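Take a look at the letters that make up each chain.
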Amino acid sequence: MLSLERVKRSLESAGQSHVLQFWSELSEEDREGFLQELSQLDLDGLKEHCEGATRAAASPSASLDQNIEPVPPEFIGSVRRSDRKSLSEWENEGLLQISENRVGVLLLAGGQGTRLGVQYPKGMYNVGLPSGKTLYQIQAERIHNIQELAGRKHGSKCTVPWYIMTSEFTLAPTEKFFKENNYFGLEPSNIVMFEQRMIPAVTFDGKVILQGKGKIAMAPDGNGGLYKALVDNKVLEDMKKRGVEYLHVYCVDNILVKMADPVFIGFCVNKGADCGAKVVEKACPAEPVGVVCRVQGVAQVVEYSEIQPETAELREPGGELVYSAGNICNHFFTRAFLQDVAEKFEAQLKQHVAIKKVPFVDTCGNPVKPTKPNGIKMEKFVFDVFPFSRSFVVFEVIRGDEFSPLKNADGAATDSPTTARNSLLAQHCRWATAAGATLLDEDGNALPPTTRSEENVPIYTLQKQIQSELGTINRNRKDSFFTSLSRKSTGGTSNFNVTCPLLEHIRKDYNKMSNGSYFTKSYFIALLH
Ligand SMILES: CC(=O)N[C@H]1[C@@H](OP(=O)(O)OP(=O)(O)OC[C@H]2O[C@@H](n3ccc(=O)[nH]c3=O)[C@H](O)[C@@H]2O)O[C@H](CO)[C@@H](O)[C@@H]1O
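What counts, and where the lines are drawn
- Residues numbered from 1 in each chain as written.
- Predicted model: local features only at pLDDT ≥ 70, side-chain atom pairs only at ≥ 80, totals over all residues.
- Heavy atoms only, no water.
- Helix = DSSP H or I, 4+ residues; strand = E, 2+ residues; numbered from the N terminus.
- Contact = heavy atoms within 4.5 Å.
- Near = heavy atom within 4 Å.
- Polar contact = N/O pair within 3.5 Å; in protein donor to acceptor, adjacent residues only side chain to side chain.
- Areas by Shrake-Rupley, 256 points an atom, 1.4 Å probe, with all protein chains shown as cover.
- Nonpolar A, V, L, I, M, F, W, Y, C, P; charged D, E, K, R; others polar.
- Buried < 20%, exposed > 50% of the residue type's maximum accessible area, 1.4 Å probe, protein only.

Pulling in residues and values, what's your account of the environment of P359?
Take P359: it is sitting in the loop between β16 (352-356) and β17 (360-361). C-alpha of P359 to C-alpha of A336: the two residues are 23 residues apart in sequence and 41 Å apart in space. Setting aside anything within four residues of it in sequence, one finds P359 in contact with I209, L210, Q211, V368 and P370.

Please give an account of the site of the ligand that cites residues and values.
Neighbouring the ligand are 24 residues, the closest being L108, E303, Y304, N327 and K407. One of the backbone nitrogen or oxygen atoms of L108 is found 2.6 Å away from an oxygen atom of the ligand. Between the ligand and G111, the relevant distance is 3.0 Å, taken from an oxygen atom to a main-chain nitrogen or oxygen of the residue. In isolation the ligand exposes 750 Å². Once the protein is present, 89% of that is buried. Across the shell around the ligand, the residue classes break down as 13 nonpolar, 7 polar and 4 charged.

Describe in detail unusual backbone geometry, supporting the description with residues and values.
A positive phi angle is found at N182, which is not glycine, with a value near 55 degrees. For N182, the location among the structural elements is in the loop between α6 (171-180) and β5 (191-195). The class for N182 is exposed, based on a relative accessible area of 57%. For D415, which is not glycine, the phi dihedral falls at a positive 55 degrees. For D415, the position within the fold is in the loop between α12 (399-402) and α13 (417-434). Classification of D415 as buried rests on a relative accessible area of 17%.

Structure (structure tokens):
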């Protein structure tokens, strides 16, 4: 911890002496806490941070729209447009890499979830699935399953380490939650939690905002804070030690996220990419997703807040959006690329400005909740390293299979707990239907086969189906449901054995299987034997 004198001097030379204006009123304990917080600030960079923030807020970044173009098709892979052979080659490559312990996943979980309006980390959110599983639990089980699948295919015991970037807001509750839930059955030493940096919010005239008499208003430095955090916390070294060469980075709120998706990993590895982004076709011009495109010939994401509506609305002669590659915050990086970013490019990452309402204390020390924006928060974005890639690829996936984010509280038309829950249930219904199951309505009548759309699937539908199938099992035809699933899905050519422990597991909690099982039909079936 620095001395008060040293901190005072630094604040003075940064033009921020007001930070200590209430020092004399603080208790011994509060003084110690505050000094601790101030010691952790980048005091040498504080002047530049404050001046940079006001400069950036005063001159909004120039529109990129004049210089953007879509990513050329030769750099785009697509689940929809690829043949089965390519897809299965990529999947095999991905599973091989996973089985050799060369793949890790990294969760970006430092955000505050302001739009959702909860006080705890978003990953702890329960969207109301029949199983009551939280986003963290679903993700943990998917890691477990992909390890199983890759390991079984290649006769190895493999590990996909889970790196979790948190912030001051999310670290403690996330750690506690994982501990209370026994790390969801994963080996704790393979879960590496670390913290991103926090930076001060600044007023429009360049003054650090005091949130309390002895507390600065701090905010995480954006999900692009990842690159500093990887170095600060020696995460790249950890990856190297474990032999992890490829990292799948993803955001916390997508209930359909395919952890360490072998198809995506395999595609990127086969193309020799050092950096890749998964995209879905944008649902409409105004959808709040970034667009993966090129700016002056260089791969980049133009964020939804930074594209002009006229550009977002441009359409091809056939009617599809020109800028349709919606970023779903699922990225592939090689470790070598991340190392390069850390060593050479981090300082060049663009700063994005967010103008926010930041609670503060007035000159008398009274807390104020502003009614209009009063502060500047600076953020870096995780995708801003794309321009430094030497070999960047895009992989387009099917929205209904891979993207349903939880951003808003219930009541909103999109991206809410209800839409997330329905997306997952709809996906499971599609899998079950594709594998030969018939879904029943509440009166026991067969429902028409589900389509690809994210239709509203009432929970009872799935529960009815489960009850009906478990009924079949109980009537001494213990394996009929599962063998028929397997037969139908493989065109009647195979007949799988179903192991009793799995049946037991399914009998106890079907939802555990359906949420925890891996994503596509083949994974679903794979889990059954
Ligand atoms: C900058 C960025 O990636 N934007 C993407 C993000 O937007 P969006 O605006 O939705 O981004 P969020 O604020 O939800 O953050 C994305 C992820 O980054 C994490 N986070 C955020 C801030 C922070 O300081 N630390 C941190 O770890 C969040 O916890 C979350 O997991 O997801 C959309 C898809 O859902 C994409 O279309 C956007 O292009």
